[in-house]
Structure formats: structure tokens, C-alpha cells
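Close look at the chain arrangement
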Amino acid sequence: MADSGTKQILLKDIDTRDFYGVKNGNINRIREKFPLLKITMRGERLTIAGADKEIFRFEERLSELVDYYKRYGHISPQVIDQVFDAVSLNTIKGIVKEQNEEIADDKDVIVYGNSGNIIRARTPNQRKMVSLYKDNDLIFAIGPAGSGKTYTAIALAVRALKNKEVKRIILTRPAVEAGEKLGFLPGDMKEKLDPYLQPLYDALHDMMPQKKLIQCIEEGVVQIAPLAYMRGRTLDNAFVILDEAQNTTVSQLKMFLTRMGNNAKFIVTGDATQVDLPRTADSGLLHTVELLKGIKGIAIVEMDSKDIVRHALVKHIVGAFERRNIY
């Protein structure tokens, strides 16, 4: 008679509710693969009881499934079948490649988002931005709406956090009105400011499971705040992104850039043609870029209409305004 026992497995750094599936559908499918084992779960803790040999085999398969989930952000009945029917993880990756041809160009993949969503550099200047990140601690990404500068920056930040290169992500924007008056918006100050920060939340929702993102925000691992909240801080071990930087003055940009602490990565994004300040001349973005040009460790990426990856009409809309010098 085979030796039997009990093993407890802790599922760390994953959304267990998502991993277990709707009405525990995923865990029930896993149970079907190991009918000789008793598998129970409580939160992130799995308890396995049965023959030692079966427990060992189960643990091997579960480890592969967890690795898959951490990389791709989801699992499916098909993936569970492949893992627990003893197909290697390389074969599973092959299945994903068949389902999504974009993964074939693996060098352009930045991070794997929710539901297997692949976040990758899609244009030459987005690839340039990813490449420059390796050797520069401060990057300016300047370009038109829809060129992917902010989305690429946030993807790099999420990857750095997942790889434990930094301890936190800080996303900030100047709270500058784009034609509307902030004072007339309903609610308290947070409710007034949240609309300005919503695009940053939207990008993060694509790249991190909802439960994990909420947890990170509650613990301060992910911080999203107006630029004014950066004053007086020293930002160590952080990936910091300033978005909509065309709506900052030179002095505001100086304040922000001098927050850089040890082991910090800064990316500043902006569109010089969409300044919402009272006077376009007040924008400090291009002045600051010109001032810092040529300093080692600082890189500048200038995007254009060829980098626009939104609806096909956006490229034509931007082009039409540019041709008539309307900004």
C-alpha cells in the first residue's frame, strides 16, 4: 500500500478567485484529473491529501499551471487539460501562439495582461522606447494622441514591478482643465480629480487582474495622484510616469524631475500640440527637453502620426490638423 499523507500549497502572488474559476470551475476540473486525491482550498491555501506519489505528481502539474497563470494572466479549461494531461509547458505556449499570431514576435512583447492579452511594442518608436529603457533612467516620449506613449510606459512599469526591479509604480498627471472648469464638477476633491486620472486606471486594468490592482493601490504599491502631490517627496525604488506633461510649466517639471531617488525610473509623456494651459507658451515640456538633451542617462523619443495605433481615422484627423497648423 502506497504511503499517504497531506500537503499544503500556498498560492502566492495570484488572484485565487480568478484562478479557481467561476463557481470553482477550474479547481473542480483539476479535481477530475486527480480522483484519488482530496483537494480542498481556503483562500490562497490548498490542502492535498492522498498517496505521496500522487501528491508529488499533482504538485508538479500545479506548479506549471501557476507559472502559466502568472505569465499570461488567465487559465482556461483547455490549458488545464494540457497541463494535467502531462503535456509540457512548451507545448502549451505553442497553443497560445496558434491562438494569437502576435506572440510570434516575442521580442516585442512587453508584458502579458489580463485574459492572455499581449501588450507589445507595435511601432518602431514604441520599440525604440522599450529599447532605450534598458540604459536610461529618464525617458521623454513626445507625440500625438494615440501613439501609445503612455500605454507603452505603463506596460514597462508593470513589467518592472512584476520582475521586482522596482517596489512601486507612481503615475501622475497635472490636473489641468481641458475646456471644462474643475470647480463645477460634482463631488469632493478626489471625485473631481479622478476623471483626469482615469486613462491611467484604464491602462492598468488591461495589465493587472482587478483584485490584484485594488490590493496594490490599497497597499501603496501602485499610486495614482495629481502632480501637485509629488512636491516634497523623494521617490526611491519606483517607476514613475508623468503623463500629459505638455500641461506643466518649466518649474513644475523641474519639481517633478528632482523627485528622482535611488533605483528610480522616470518616463515623461506629452503631446506638444495639445496644451490646455491658459497660454500655450507656458508649457515647459519642449523647453525642458531641449535643456536636458545630450545628458547621459536621459533619452528622448519623438513619435509622429505613423505611430498612432487607435482607430484608423485618428491618424487622418491628426494629419488634417497638422497640415493646417491647427493645434
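Residues numbered from 1 in each chain as written. Predicted model: local features only at pLDDT ≥ 70, side-chain atom pairs only at ≥ 80, totals over all residues. Heavy atoms only, no water.

This part is about the overall build of the protein. Summing up its helical and strand segments, the protein has 12 helices and 11 strands in all. Buried residues in the protein amount to 47% of all 327 residues. In the protein, the share of contacts with a sequence separation of at least 24, taken over all contacts with a separation of at least 6, comes to 71%. Accessible area of the protein: about 17,600 Å², with a carbon and sulfur share of 51%. (Helix = DSSP H or I, 4+ residues; strand = E, 2+ residues; numbered from the N terminus. Buried < 20%, exposed > 50% of the residue type's maximum accessible area, 1.4 Å probe, protein only. Contact = heavy atoms within 4.5 Å. Areas by Shrake-Rupley, 256 points an atom, 1.4 Å probe, with all protein chains shown as cover.)

Mapped onto the elements of the fold, Thr 152 is located in helix H7 (residues 149–162). For Thr 152, the contacting residues outside a window of four places in its chain are Ile 110, Gln 126, Met 129 and Val 130.

For helix H6 (residues 124–133), the set of buried residues is Asn 125, Gln 126, Met 129, Val 130 and Tyr 133. Looking straight down H6, one finds its buried side chains confined to an arc of 150°; they lie on one side. (Arc of directions from axis to C-beta.)

For helix H11 (residues 285–292), every residue scored as buried is listed here: Leu 285, Thr 288, Val 289 and Leu 292. Taken end-on, H11 shows its buried residues confined to a sector of 100°, consistent with a single buried face. Exposed side of H11, more than 90 degrees from the buried face: Glu 290 and Leu 291 are the residues found there. Where H11 ends, the next residue or the one after it, Gly 294, has phi of about 95°, a positive value.

In the sheet, strand S2 (residues 38–42) pairs with strand S3 (residues 45–51) via five bridges, with the strands oriented antiparallel. Across the sheet, Lys 38 pairs through a bridge with Ala 49, a residue of S3. Connecting S2 to the antiparallel partner S3 that follows it, the hairpin turn spans two residues, and Gly 43 within it adopts a positive phi of roughly 65°. (Pairing = 2+ DSSP bridges.)

Within the secondary structure, Arg 259 sits in the loop between helix H10 (250–257) and strand S10 (265–270). Here Arg 259 sits buried without a salt bridge, and the closest side chain of opposite charge, Asp 236, lies 11 Å off (N-O distance). Among the polar contacts listed, one links the side chain of Arg 259 to the backbone oxygen of Arg 233, at a separation of 3.0 Å. Contacts of Arg 259, omitting those with residues within four sequence positions, involve Met 230, Gly 232, Arg 233, Thr 234, Leu 235 and Phe 266. (Lys, Arg positive; Asp, Glu negative; His and termini not counted. Salt bridge = Lys/Arg side-chain N within 4 Å of Asp/Glu carboxyl O. Polar contact = N/O pair within 3.5 Å; in protein donor to acceptor, adjacent residues only side chain to side chain.)

For the pair helix H2 (residues 25–33) and helix H4 (residues 77–84), interaxial distance at closest approach is 10 Å and the crossing angle is 30°. Here H2 is positioned roughly parallel relative to H4, judged by the angle of their axes. At the point where H2 passes H4, the crossing takes the right-handed sense. Here Asn 26, Arg 29, Ile 30 and Lys 33 of H2 lie close against H4, whose contacting residues are Pro 77, Ile 80, Asp 81 and Phe 84. In terms of residue class, the contact of H2 with H4 is built from four nonpolar, one polar and three charged. (Axes fitted to C-alpha atoms, helices over the stretch in contact; angles between N-to-C directions. Parallel < 35°, antiparallel > 145°, perpendicular 65-115°, else oblique. Left-handed = near helix turned anticlockwise from the far one by under 90°. Nonpolar A, V, L, I, M, F, W, Y, C, P; charged D, E, K, R; others polar.)

Averaged over every residue, the pLDDT of the protein is 82; residues scoring 70 or more account for 82%. This model gives residues 87–93 a pLDDT under 50, and the stretch forms 12 contacts once residues within four places in sequence are excluded. For the stretch residues 178–182, pLDDT sits under 50, and the model shows four contacts to residues farther than four places along the chain or on other chains. (pLDDT = per-residue confidence, 0-100.)

In any sheet, the strands associate via hydrogen bonds between backbone groups, in a parallel or an antiparallel arrangement. Pairing in this open sheet of three strands is antiparallel, and the strands run S1-S3-S2 from one edge to the other. The open sheet is flanked by strand S1 (4–10) and S2, the only strands paired with a single partner. Ignoring which end each strand starts from, the neighbouring axes of this sheet average 15° apart. In terms of strand pairing, S1 meets S3 through seven bridges, oriented antiparallel. Bridging from a neighbouring strand, Lys 7 pairs with Ile 48 of S3. Across the sheet, H2 is in contact with S2 and S3; its angle to S2 comes to roughly 160°.

Time to look at the environment of Phe 56. Mapped onto the elements, Phe 56 comes out in helix H3 (residues 52–72). Classification of Phe 56 as exposed rests on a relative accessible area of 52%. For the pair Phe 56 and Lys 7, spaced 49 residues apart in sequence, the C-alpha to C-alpha distance is 9.2 Å.

In this section: the packing of H6 against H7. With their axes 10 Å apart at the nearest point, H6 and H7 run at an angle of 35° to one another. For the element pair H6 and H7, the recorded crossing hand is right-handed. Residue-level inspection shows Gln 126, Met 129, Val 130 and Tyr 133 of H6 in contact with H7, the latter providing Lys 149, Thr 152, Ala 153, Leu 156, Arg 159 and Ala 160. Classifying every residue of the contact of H6 with H7 gives six nonpolar, two polar and two charged.

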